[in-house]
Amino acid sequence: MTENEKRIISLKRAEELKSRIKDYTMKKNSIKTGFTHSEMIKENKRRIMKVLNASEKEWDDWKWQLSNRITDVHTLAKILNLSDEEIHQIDMIGKKFRWAISPYYASLMDPDDPFCPVRRQAVPSIEEMVEAGEEDPMAEEFTSPVEGITRRYPDRLIVKVTNQCAMYCRHCQRRRCIGQKDLALPMAALRKCVEYIRNEEEIRDVLITGGDALLISQKNLEWLLSELHEIPHVEIIRIGTRTPVTMPQRITKELCDVLSKYPPIYLNTHFNHPMEITEDAKKATDMLCSAGVVLGNQAVLLKGINDDVHIMKKLNQELLKIRIRPYYIFHPKEVVGTAHFKVKVQKGMEIMEKLRGYTSGLAIPTYIINAPNGKGKTPILPNYILSWEENKIELRNWEGEVFYYPN
Ligand SMILES: *Cc1c(COP(=O)(O)O)cnc(C)c1O
């Protein structure tokens, strides 16, 4: 075959490849992101600052953001256009399930759209009253050798340092811990956690989480990091926090100075929709990267928010642009008050099917179902092995082409 003939075949194949993602190419620019909607966000911010009587300096201060979380429906009604019915419902649900929204996160919401994906994650919905699900589907209470610790795997564990968050996700898996009050794990209990880890040589990976790990005081955080860093068998420290999404003001220079002292630190956050990827979020992730922190994302598949092939693809691609590597997509758990977010497993599989091959491998997280009763994270993915034979296996590729491979 001549060079020219090979080139013609390659060009034809390139056209075919382009047609594989034509549906996405046509759609992707119409998916809202925090960047495409930066003007709306700025306008919302101005309005919210006025309602809360805040200065620019206060807005940029995470402690101001935290102590000015919106927790009553009358303030919320000055920020979003709510019907009388919604006002009544939010007020009623608030008596059963706690809610709070940082002014920053509120500024990402479309004030006129009740189906806004940011709003649906933060503003209580009447659907939360549906009786279904369990308080603690992961049976965490049965895997806690010491107050604050959950150990479900041989070589790693989580320490829940506080129940506080900048915003209480409506789909929270630990709703039962949120209560009506903010509770940080007392110093004495934190000491016992460290002692437990020091005595368990198998533990090489400690995940500090909550609530939101970055809502404890800087002093306690630094104490914990330095203690863990000193334990020889603790190889890596992980932090679970949604602040890059809900309150990026938390990522200060002082915090980054502390984090840079205790490498390697892996920080997993929780973006669920491209609308959450904003200029402020990027500023925060740039600072974390400069401090040597490695960033990952754990999304939750949620009905009406991201249960869509194109939105999920866009989310993962936008995450890579701000240097966050998609890590997990969790199938939603059967938690009380979250039934309206449930989706079929087929939906998750359809999304995974349309990622592999169609976009960068870096943009493909692992899809996880948490086995009931704390039996562990279980990965599920489309099946690429069609059959096994003694000397060969039958496979199919991302385009559905079937082939054999020697075994
Ligand atoms: C999710 C989780 C971990 C971390 O799991 P990885 O798959 O290693 O990210 C550890 N302990 C508990 C209890 C968890 O729920």
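Further up the page is the structure itself.
A brief report on the enclosed structure follows.

On to the packing of helix 12 (residues 218-230) against helix 14 (residues 253-260), then. How two helices pack is summed up by the angle between their axes together with the distance between the axes. It is at 10 Å that the axes of helix 12 and helix 14 come closest, and there the two elements cross at 10°. Of the possible angle classes, the one that applies to helix 12 and helix 14 is roughly parallel. Along its contact with helix 12, which presents Gln218, Leu221, Glu222 and Leu225, the element helix 14 presents Glu254, Leu255, Val258 and Leu259. Class assignment for the residues of the contact of helix 12 with helix 14 results in 5 nonpolar, 1 polar and 2 charged.

Attention now goes to the sheet that holds strand 3 (residues 205-209). Across a sheet, strands are paired by hydrogen bonds formed along the backbone, either parallel or antiparallel in direction. What the 9 strands build is an open sheet, ordered 1-2-3-4-5-6-7-8-9; its pairing is mixed. Where the open sheet ends on each side, the last strands, each with one partner, are strand 1 (149-150) and strand 9 (376-379). Sheet analysis places strand 8 (residues 366-371) next to strand 9, joined by 4 bridges and oriented antiparallel. Residue pairing in the sheet places isoleucine 369 in a bridge with threonine 378 of strand 9. Sheet contacts for helix 12: strand 3, strand 4 (236-240) and strand 5 (265-269); angle to strand 3, the most-contacted strand, approximately 170°. Of the strands in this sheet, strand 7 (325-330) and strand 8 are in contact with helix 17 (residues 345-353), which crosses strand 8 at around 155°.

Taken together, Thr150, Arg152, Tyr153, Arg156, Ile158, Leu207, Arg238, Tyr327, Tyr328 and Lys377 are the residues near the ligand. Tyrosine 327 is positioned such that a nitrogen or oxygen atom in its side chain is 2.6 Å from an oxygen atom of the ligand. Out of a free accessible area of 390 Å², the ligand has 88% covered by protein chains. Mapped by element, the contributors of at least two residues to the shell around the ligand are strand 2 (156-160) and strand 7. Broken down by class, the residue content of the shell around the ligand amounts to 5 nonpolar, 1 polar and 4 charged.

Definitions and limits used
Residues numbered from 1 in each chain as written. Predicted model: local features only at pLDDT ≥ 70, side-chain atom pairs only at ≥ 80, totals over all residues. Heavy atoms only, no water. Axes fitted to C-alpha atoms, helices over the stretch in contact; angles between N-to-C directions. Helix = DSSP H or I, 4+ residues; strand = E, 2+ residues; numbered from the N terminus. Parallel < 35°, antiparallel > 145°, perpendicular 65-115°, else oblique. Contact = heavy atoms within 4.5 Å. Nonpolar A, V, L, I, M, F, W, Y, C, P; charged D, E, K, R; others polar. Pairing = 2+ DSSP bridges. Near = heavy atom within 4 Å. Polar contact = N/O pair within 3.5 Å; in protein donor to acceptor, adjacent residues only side chain to side chain. Areas by Shrake-Rupley, 256 points an atom, 1.4 Å probe, with all protein chains shown as cover.

Without other data, these values stay purely geometric and don't point to any function.
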